[in-house]
Amino acid sequence: MHDKPDETVGALIEEFLTARATRKPSPHTLAAYRRDLTTVAELVAADGDASPLRLTVSTLSPKVMRAAFARFAAPRAAASVHRAWSTWNSFFTFLVAEGVVPGNPMPAVGRPRTPLPRPKPLRGEDTPEELLAAVARAEGRQRDPWPERDLAVLALALCAGLRLSELLALRVSSVAGRDGERRVDVAGKGGRPRTVPIEDAVDRVLAGYLDSRRFRFGSRSVRPDSPFLVDRQGEALRRGGLQYLVESCYRRAGIGDRVPRGARLHALRHTFATRLAEVGASAAEIMRLLGHASLASSQTYIEVTAGQQRAAVAANRTNRALSGLVKR
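Residues numbered from 1 in each chain as written. Predicted model: local features only at pLDDT ≥ 70, side-chain atom pairs only at ≥ 80, totals over all residues. Heavy atoms only, no water.

## A look at the overall build of the protein
For step 1, the next point in the chain: Within the protein, the secondary structure is distributed over 13 helices and three strands.
For step 2, the next point in the chain: Within the span of the protein, comprising 328 residues, buried residues form 39% of the whole.
For step 3, the next point in the chain: Summarising the internal contacts of the protein: among those between residues at least 6 apart in sequence, 61% fall at separations of at least 24.
For step 4, the next point in the chain: When the accessible surface of the protein is totalled, it reaches about 18,500 Å², and 53% of it is carbon and sulfur. (Helix = DSSP H or I, 4+ residues; strand = E, 2+ residues; numbered from the N terminus. Buried < 20%, exposed > 50% of the residue type's maximum accessible area, 1.4 Å probe, protein only. Contact = heavy atoms within 4.5 Å. Areas by Shrake-Rupley, 256 points an atom, 1.4 Å probe, with all protein chains shown as cover.)

## Side note on the nonpolar core
For step 1, the next point in the chain: Membership of the largest hydrophobic core comes to 52 residues, with the highest contact counts inside it found for Leu131, Phe228, Tyr250 and Leu268.
For step 2, the next point in the chain: Counting residues per element, the ones that place at least two in this core are α5 (127–136), α6 (147–160), α7 (164–169), β2 (183–187), α8 (200–217), α9 (239–253), α10 (265–278) and α11 (283–290).
For step 3, the next point in the chain: Of the residues forming this core, the biggest block, eight residues, is contributed by α6.
For step 4, the next point in the chain: Ignoring any residue separated from it by four or fewer positions in sequence, one finds Leu131 in contact with Leu122, Leu154, Leu158, Cys249, Tyr250, Ala253, Ile255 and Leu268. (Core = buried A, V, L, I, M, F, W, Y, C linked by side-chain atoms within 4.5 Å.)

## Observations regarding the packing of α5 against α9
Helix packing for two helices is described by the angle between their axes and how far apart those axes are.
For step 1, the next point in the chain: Where α5 meets α9, the axes come as close as 9 Å, and the angle between the chain directions of the two elements is 95°. One element, α5, and the other, α9, form an angle in the roughly perpendicular class. Where α5 approaches α9, its residues Glu130, Leu131, Ala134 and Val135 are matched on the opposing element by Cys249, Tyr250, Arg252 and Ala253.
For step 2, the next point in the chain: Among the residues forming the contact of α5 with α9, the class breakdown is six nonpolar, no polar and two charged. (Axes fitted to C-alpha atoms, helices over the stretch in contact; angles between N-to-C directions. Parallel < 35°, antiparallel > 145°, perpendicular 65-115°, else oblique. Nonpolar A, V, L, I, M, F, W, Y, C, P; charged D, E, K, R; others polar.)

## Observations concerning the sheet that holds β2
For step 1, the next point in the chain: The strand order β1-β2-β3 describes an open sheet built from three strands, whose pairing is antiparallel. Bordering the open sheet on either side are β1 (175–176) and β3 (193–197), each of which pairs with just one other strand.
For step 2, the next point in the chain: Two strands pair when backbone bridges link them, and β2 and β3 are joined in this way by five bridges, in the antiparallel orientation. Among the inter-strand pairings, Arg183 is bridged to a residue of β3, identified as Pro197. (Pairing = 2+ DSSP bridges.)

## A few points about the environment of Val135
For step 1, the next point in the chain: By the secondary structure assignment, Val135 is in helix α5.
For step 2, the next point in the chain: Residue classification places Val135 among the buried positions, given a relative accessible area of 0%.
For step 3, the next point in the chain: Taking the C-alpha atoms as reference points, Val135 and Pro145, ten residues apart in sequence, are found 9.9 Å from one another.
For step 4, the next point in the chain: With near-sequence residues (within four places) excluded, Val135 lies in contact with Pro147, Asp150, Leu151, Leu154, Cys249 and Arg252.

## With respect to the layout of surface pockets
For step 1, the next point in the chain: Of the volumes computed, that of the largest pocket is approximately 820 Å³.
For step 2, the next point in the chain: Residue lining of the largest pocket: 18 residues in total, with Thr29, Arg163, Ser165, Lys189 and Arg239 positioned closest to the centre.
For step 3, the next point in the chain: Where the lining of the largest pocket is concerned, the elements lending two or more residues are α7, α9 and α10.
For step 4, the next point in the chain: Of the residues contributing to the lining of the largest pocket, the split by class is five nonpolar, six polar and seven charged. (1 Å grid on protein atoms, 1.4 Å probe; cavity = no way out; pocket = protein on both sides within 12 Å on 5 of 7 lines; lining within 4 Å. Points joined across faces, edges and corners; volume = space filled by probe spheres on them.)

## Quick word on the packing of aromatic side chains
Think of a pair of aromatic rings as described by two things: how far the centres are apart, and how the planes are tilted against each other in angle.
For step 1, the next point in the chain: Applying the stated criterion across every chain, the model contains ten aromatic pairs.
For step 2, the next point in the chain: Residues Phe16 and Phe91 carry aromatic rings whose centres are separated by 5.6 Å and whose planes lie at 75° to one another, so their mutual orientation is edge-to-face. Of the two residues, Phe16 sits in helix α1 (residues 9–21) while Phe91 sits in helix α4 (residues 78–97), which places them 75 residues apart along the sequence. Across the pair, exposure class does not vary: Phe16 and Phe91 are buried alike.
For step 3, the next point in the chain: Aromatic side chains Trp88 and Phe92 sit 5.8 Å apart centroid to centroid with 40° between the ring planes, which places their arrangement in the tilted category. In this pair, Trp88 and Phe92 both sit in helix α4, four residues apart, roughly one turn of the helix. (Phe/Tyr/Trp six-rings, centres within 6.5 Å; stacked < 30°, edge-to-face > 60°.)

## Regarding the environment of Val64
For step 1, the next point in the chain: Among the secondary structure elements, Val64 is positioned in helix α3 (residues 62–73).
For step 2, the next point in the chain: Accessibility expressed as a relative area gives 27% for Val64, which makes it partly exposed.
For step 3, the next point in the chain: In the structure, Val64 is positioned 20 residues away from Val44 in sequence and 6.8 Å away in space, judged by C-alpha atoms.
For step 4, the next point in the chain: Apart from residues lying up to four places away in sequence, Val64 is in contact with Val44 and Thr59.

## Re the pairing of β3
For step 1, the next point in the chain: Only one face of β3 is covered, namely the one carrying Arg194 and Val196; the face carrying Pro193, Thr195 and Pro197 has none of its residues buried.
For step 2, the next point in the chain: Count of turn residues in the β2/β3 antiparallel hairpin: five residues, of which Gly190 carries a positive phi of about 70°.

Here's what the structure looks like:
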């Protein structure tokens, strides 16, 4: 039985956010948690005399939460309602674990189903090859060109499908295996490890990068426990640095207009998955290689590929000629 039925919602929200902060979420994520919690609490308080954050947790019954979410949902998009529902579900899960409440009322509160985000691969049939060719060339305009490092980043994203966080987590020892069976050991999202096989061409690109790194910083810079990706000072590459590196690769290749908005580095991973689907990989195979938590996420690549095939057929100019001969 819980022992804090009169604890205020405001105090419990602060406890929850403190607990979440240990997971190192971004400031934007914490702000979104706070906004979702306080906004719904305000809707609960609208039916009573208490201020939103002075509500007692004992008032948050399934009936009360359903009514508050019904009002919350009315003017908002499904994705916003889904996010707020998840935040409150996490909040109540925390309260149950802390012994504050005996149960979580959120399963009794309906939530909208949101469609999975659509993949955003690079546009253009030969765009990945153009990108790799351009980056492989050292340009005089660069202050300190390092094409071997830049090419290694693109190869790992385009040919192994690694996320930004996974690239940053790689160590030198993450690339392992004997000849013909080389692989990358990936620390995946949600703590799920996976292994991605790499072909000889990718292995040679990665080996060439490590050789160039030995030349720049010495053999000690490529010890097995060293970060795999480093900046031009030999320090571990950080998130902003990696994002800037990929952006600069797009600029050098002149393909900025072929990169979907909001995808950037993720467009390379989506290109990897889409090309797997194009050659007949199953959703299960794509799921294992990309480290998806659900088969539904992987299925979207196969569906997109089918759409691209239909678009290619529609682009056949014979179809346009035929349409002029056939009356509707």
